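# Structural overview
Okay, here's what each chain looks like letter by letter:
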Amino acid sequence: MEFTAQQIADFIGGKIEGDANARINTFAKIEEGVAGAISFLSNPKYTHYLYTTESSIVLINDDMVLEHPVKTTLIRVKNAYECVAKLLQLYESFKPKKKGIDNQASIAPSATIEEDVYIGTFAVIGEGAHIGKGTQIYPHAVIGDRVSIGENCLIYPNVTIYEGCRLGNNVTIHAGSVIGADGFGFSPNTEGYEKIPQIGIVTIEDNVEIGANTCIDRSTMGSTIIHKGVKLDNLIQVAHNVEIGENTVMSAQVGIAGSTKIGAWCMFGGQVGLAGHIHIGDKTFLGAQSGVPGNIKGNETLIGTPPMEPKAYFKSQAIFRKLPEIYKQLNELQKQVNELKQQE
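Residues numbered from 1 in each chain as written. Predicted model: local features only at pLDDT ≥ 70, side-chain atom pairs only at ≥ 80, totals over all residues. Heavy atoms only, no water.

### Considerations on the pairing of strand 6 (residues 57-61)
Just so we agree on the cut-off: Each residue is assigned to one of three classes by its accessible area relative to the maximum for its type, calculated with a 1.4 Å probe on protein chains only: buried under 20%, partly exposed between the two thresholds, exposed over 50%. In DSSP terms, a helix is any run of H or I states spanning at least four residues, a strand is any run of E spanning at least two, and both are numbered starting from the N terminus. Pairing between strands requires that DSSP locate at least two bridges from one strand to the other.
For strand 6, a buried count of 5 out of 5 residues is recorded, marking the element as mostly surrounded by other parts of the structure. Bridging between strand 5 (residues 37-40) and strand 6 involves 3 bridges; their strand directions are parallel. Paired with I38 across the strands is I57, a residue of strand 6. Of the pairings in the sheet, the one linking strand 6 to strand 7 (residues 73-77) comprises 5 bridges and is parallel in character. The partner of I57 across the bridge, within strand 7, is T73.

### Quick word on the packing of aromatic side chains
Threshold: By convention, a stacked pair of Phe, Tyr or Trp rings (six-membered ring in the case of Trp) has centres within 6.5 Å and planes under 30 degrees apart, an edge-to-face pair has planes over 60 apart, and any other such pair is tilted.
Inspection of the entire model under this criterion finds 8 aromatic pairs. Ring geometry for F3 against F94: centres 6.3 Å apart, planes inclined by 50°, an arrangement best described as tilted. Taken as a pair, F3 in strand 1 (residues 3-4) and F94 in the loop between helix 2 (80-93) and strand 8 (100-101) lie far apart in primary sequence, 91 residues in all. According to the relative accessible area criterion, F3 is partly exposed, its value standing at 25%.

### Points about the pairing of strand 23 (residues 192-195)
Strand direction decides the pairing type here: strand 22 (residues 186-189) and strand 23, joined by 4 bridges, are antiparallel. Within the sheet, the bridge partner assigned to P188 lies in strand 23 and is Y193. Here strand 22 hands over to strand 23 after 2 residues, the two strands then running antiparallel side by side.

### Re the nonpolar core
In summary, soluble globular proteins display a tendency toward joint burial of nonpolar side chains. To keep things clear, this is the line we draw: Only buried residues count toward a nonpolar core, which is a set of Ala, Val, Leu, Ile, Met, Phe, Trp, Tyr and Cys residues joined through side-chain atoms within 4.5 Å. Pairs of residues are marked as contacts when any of their non-hydrogen atoms sit within 4.5 Å.
Counting residues in each nonpolar core, the largest one holds 49 residues, and the members touching the most others are I143, I155, I161, I244 and F268. In contact with I244, not counting residues within four places along its chain, are I225, I226, H227, V230, L232, V238, M250, I256 and I262. Among the nonpolar cores identified, the runner-up in size contains 15 residues, and I12, I57, L59 and C83 belong to it.

### Concerning the pattern of salt bridges
Where side chains of opposite charge bring their charged atoms close, a pairing between them can arise. Applicable threshold: Here, a salt bridge means any Lys or Arg side-chain nitrogen found within 4 Å of an Asp or Glu carboxyl oxygen.
Inspection of every chain in the model, using the stated rule, returns 7 salt bridges. One salt bridge connects E54 with K71, and the closest N-O pair in it is separated by 2.8 Å. Of this pair, E54 sits in the loop between strand 5 and strand 6 while K71 sits in the loop between strand 6 and strand 7, and the two are 17 residues apart along the sequence. Given a relative accessible area of 44%, E54 falls into the partly exposed group.

### What about the sheet that holds strand 18 (residues 160-161)?
Within a sheet, each strand pairs with its neighbour through backbone hydrogen bonds, oriented either parallel or antiparallel. The 10 strands are arranged 9-12-15-18-21-26-29-32-35-38 in an open sheet whose pairing can be described as parallel. Edge strands, defined here as strands with exactly one partner in the open sheet, are strand 9 (106-107) and strand 38 (291-292). In the sheet, strand 18 pairs with strand 21 (residues 178-181) via 2 bridges, with the strands oriented parallel. Bridge pairing in strand 21 links I161 to I179.

### Observations concerning unusual backbone geometry
With omega at -10°, the peptide bond leading from T305 into P306 counts as cis. Mapping P306 onto the fold places it in the loop between strand 39 (300-302) and helix 3 (310-321). Positioned with a positive phi, N152 is a non-glycine residue whose angle comes to about 55°. Within the secondary structure layout, N152 lies in the loop between strand 16 (148-149) and strand 17 (154-155). Phi is positive for N213, close to 60°, though the residue is something other than glycine. Inspection of the secondary structure puts N213 in the loop between strand 25 (209-210) and strand 26 (215-217). Classification of N213 as partly exposed rests on a relative accessible area of 43%.

Shown next, in the form of structure tokens:
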């Protein structure tokens, strides 16, 4: 596939500076640019590469002021990062979709498989399962009994979806993830811990993407719910009875304890931890490694444990680094106070 600068500008609504006939057939980071590649610049830290890159075309933001001449063709757009995402989606759409059912896949007789489905080698489809039109299930994935998967989903290798769980349309689950394992429910008694059966399911709505080796536990009763548009990174733990609101995104290693409710359009940095049975309001933004012991109203940007406003957090961290010195000064002052008392 090959595209000209003019074709790209027409597609993303950009303005060309340079050769409108410049052609590209691949993507490259701006610092690794080669002839025939398109790159983008949105982070000011990479600005110096614009003047040396070998990429044939570079997307830049409308408001960028050039400090030196450039040899590449530029396309100015409102948001270079968003536009390159659109181009990558276009590029991805040209890739041929896998189709057909491998003869080494195991499919229960009572399973329902719609048209244009791909099921790879050694994948397992359980009794009463339903696989929607255009869905792709890669090798060694296990789809349990009575699981329902909607249309145009991508289930990558070694994903396990336990019995009864329900997926909407356009859901992507990356390799190694486990959907619907038992929630961590045990009742202590005099002899140890008695397991509490987890008889619920996991419900994943449309347009959700789940990263590799992420685990979403089934509910004790009812359903653990991941609402539409949610994006979860790799290595995230979602415990039983959790509910995650629409279009919320989470970075790697977030951990959410049981029965916590998270609102819509939230953003959590890496390794955020949330206690159980709390409520996080809409549009809550939590910095990396924040520990959340209680409810948050929403429409807040917080960081730390317990979470606080960023300005207060960084001030407290500056003080924390000085604690050894402050402690030493406090001991000296206490010593002087004791000496003065002895002189009375």
